[in-house]
Amino acid sequence: MSSYFFINQYASTPNEGFGGRYYYFSKALQENGNKVLLVTSANHHLLRNKPKFKGLWKFKNYNGLEVLWLKTLPYSKASSPIRVLNWFLFSLYLPFLVFLNIKPKQVHYSSPAPIGFLGAWFLSKLVKAKSVFDVRDVWPSTLVEIGGISPQNLFVRFLYGIEYFCLKYSDVVTSNLANMDLRLKELDIDARKFYWFSNGVDQKGVENSLLNSTVSLPKECSEKIVIGYTGTLGEANSLYTMLDVAKLLEYKNELVFLIVGDGKERIALLDYCDLNNISNVVFMDSVPKTDIYKLQSKMDILCVGAKDCSLYRYGVSPNKLYEYIYSGVPVVYYINTPNYHPVLDAKCGREVSPSDTRAFAHAVLELIELTDEDKKNIDNSAKDYIRKNHIYNNLALNLVTAVDNND
């Protein structure tokens, strides 16, 4: 039996928030007979239910998976300066995990905030394990190219130094971004230690949701063709493009656009609809992960997008993308990702430019005209694509094998 540490400050379980990348990797390895510890923070903005406990840490077992919650400072908004303080606090905790007397073969640390890797790297040296830096978001480039922060900002320059350390001195670099090796080459770092491991699909979770969830669409969607989005309502998700398309298609009375989720852009999106008299968009609060798959299956088209940005030359991998594809519902993918075309590869929808609302609208009109046979073919092709490439159990086993074999 092998032992592994998976560390992500923003991880959670389906009970407290959502089951993300590291939760499903950890769960898959644990179910295959390995000893896995998932380490995360008990205070972050992505938690719906924050675990409460006395002291600085708490272990909790989730159907065999051990999760270690580390207490950091409470905050509510992603933009809070306390969030930044927690990056350093979380990193300081990590070397002390040596006292757990667990000897992991591998210590995995997931970004976006790279500072925590310093503690994870030091821990890996103490326990004589391989260190793995998993890039989910290219920081601080994301803060510069999407957030609009100056690259000359002192803290951003500090983060660039941290990024270089993480990529240079980790034993292995992994990422859900297919072209992340380009970043290593830009920094003159050996790209042979890079491995692409996409996000994936939790098959058991999907089947359980479809079988047991009683969630329903809002009443405004009754007897309508539903074009939907589920997930975070953030600036990077380019939801204004979706609203503009809704306006273009307002003359199609049978269509309704459904946006499910919460986030800092929610109020602004509602205001945008009011300001532009967009009447065919419905907003729904976020739902638990146990319901989301069932809700998606009730929609007619699913949309996933991002701003047109040079940052995406490294790739993009929204958590929801593969879940969308696995649902068998046709997908409109409006992200500019050179050399990466998952929806076309899965033969399950259309890919359009994020800046071309008319092409987006045309894609919607094409997809609503699909015959039952067309929809069945999409469902079969999509599920086959996911089973071959994006099931978490296979991804997790391939991940630890690749790290073991890297020298």
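To be clear, the structure that these remarks concern was listed above.
To keep things clear, this report deals only with the structure shown in the data block. (Residues numbered from 1 in each chain as written. Predicted model: local features only at pLDDT ≥ 70, side-chain atom pairs only at ≥ 80, totals over all residues. Heavy atoms only, no water.)

A few points about the packing of aromatic side chains
- One pass over the full model with this rule turns up 17 aromatic pairs.
- Consider the rings of Tyr-22 and Phe-25, whose centres lie 6.4 Å apart with planes at 40°: the pair is tilted. With Tyr-22 and Phe-25 both in helix α1 (residues 21-31) and three residues apart, this pair spans about one turn of that helix. With respect to class, Tyr-22 is no different from Phe-25; both count as buried.
- Summarising the aromatic geometry, the rings of Phe-25 and Tyr-392 are spaced 5.6 Å apart at their centres and angled 80° between planes, so their arrangement reads as edge-to-face. With a gap of 367 residues between them, Phe-25 in helix α1 and Tyr-392 in helix α15 (residues 392-405) connect regions that are remote in the sequence. Each member of the pair, Phe-25 together with Tyr-392, is buried. (Phe/Tyr/Trp six-rings, centres within 6.5 Å; stacked < 30°, edge-to-face > 60°. Helix = DSSP H or I, 4+ residues; strand = E, 2+ residues; numbered from the N terminus. Buried < 20%, exposed > 50% of the residue type's maximum accessible area, 1.4 Å probe, protein only.)

A short note on unusual backbone geometry
- Here the bond from Trp-139 into Pro-140 is cis, since omega is 5°, no more than 30 degrees from zero.
- You can see Pro-140 is positioned in the loop between β6 (130-135) and α4 (141-145).
- The backbone of Lys-128 shows a phi angle near 55°, a positive value even though the residue is not glycine.
- Positionally, Lys-128 belongs in the loop between α3 (116-127) and β6.

What about the packing of α3 against helix α5 (residues 154-169)?
- Viewed as axis vectors pointing N to C, α3 and α5 meet at an angle of 30°, and their least axial separation amounts to 10 Å. Considering their axes alone, α3 and α5 lie roughly parallel with respect to each other. Handedness of the α3/α5 crossing: left-handed. Between α3 and α5, the contacting residues are Phe-117, Leu-118 and Trp-121 on the first element and Ile-162, Phe-165, Cys-166 and Tyr-169 on the second.
- A class-by-class count of the residues in the contact of α3 with α5 yields seven nonpolar, no polar and no charged. (Axes fitted to C-alpha atoms, helices over the stretch in contact; angles between N-to-C directions. Parallel < 35°, antiparallel > 145°, perpendicular 65-115°, else oblique. Left-handed = near helix turned anticlockwise from the far one by under 90°. Contact = heavy atoms within 4.5 Å. Nonpolar A, V, L, I, M, F, W, Y, C, P; charged D, E, K, R; others polar.)

Observations concerning the sheet that holds strand β9 (residues 225-230)
- Within the open sheet, the six strands sit side by side as β11-β10-β9-β12-β13-β14. Their pairing is parallel. The open sheet has two edge strands with one neighbour each: β11 (281-284) and β14 (349-351). Each strand of the sheet is rotated relative to its neighbour by a mean of 20°, with strand direction disregarded.
- Pairing between strand β13 (residues 331-334) and β14: three bridges, direction parallel. Opposite Val-332, over in β14, you have Arg-350 as the bridge partner. (Pairing = 2+ DSSP bridges.)

A short note on the pattern of salt bridges
- All chains considered together, the criterion is met by 17 salt bridges.
- Of the charged contacts, one joins Glu-186 and Arg-183 as a salt bridge, the two residues approaching to 3.1 Å between their closest N and O atoms. Separated by three residues within a single helix, Glu-186 and Arg-183 lie in helix α6 (residues 181-186), roughly one turn from each other.
- Judged by relative accessible area, which is 42%, Glu-186 ranks as partly exposed. (Salt bridge = Lys/Arg side-chain N within 4 Å of Asp/Glu carboxyl O.)

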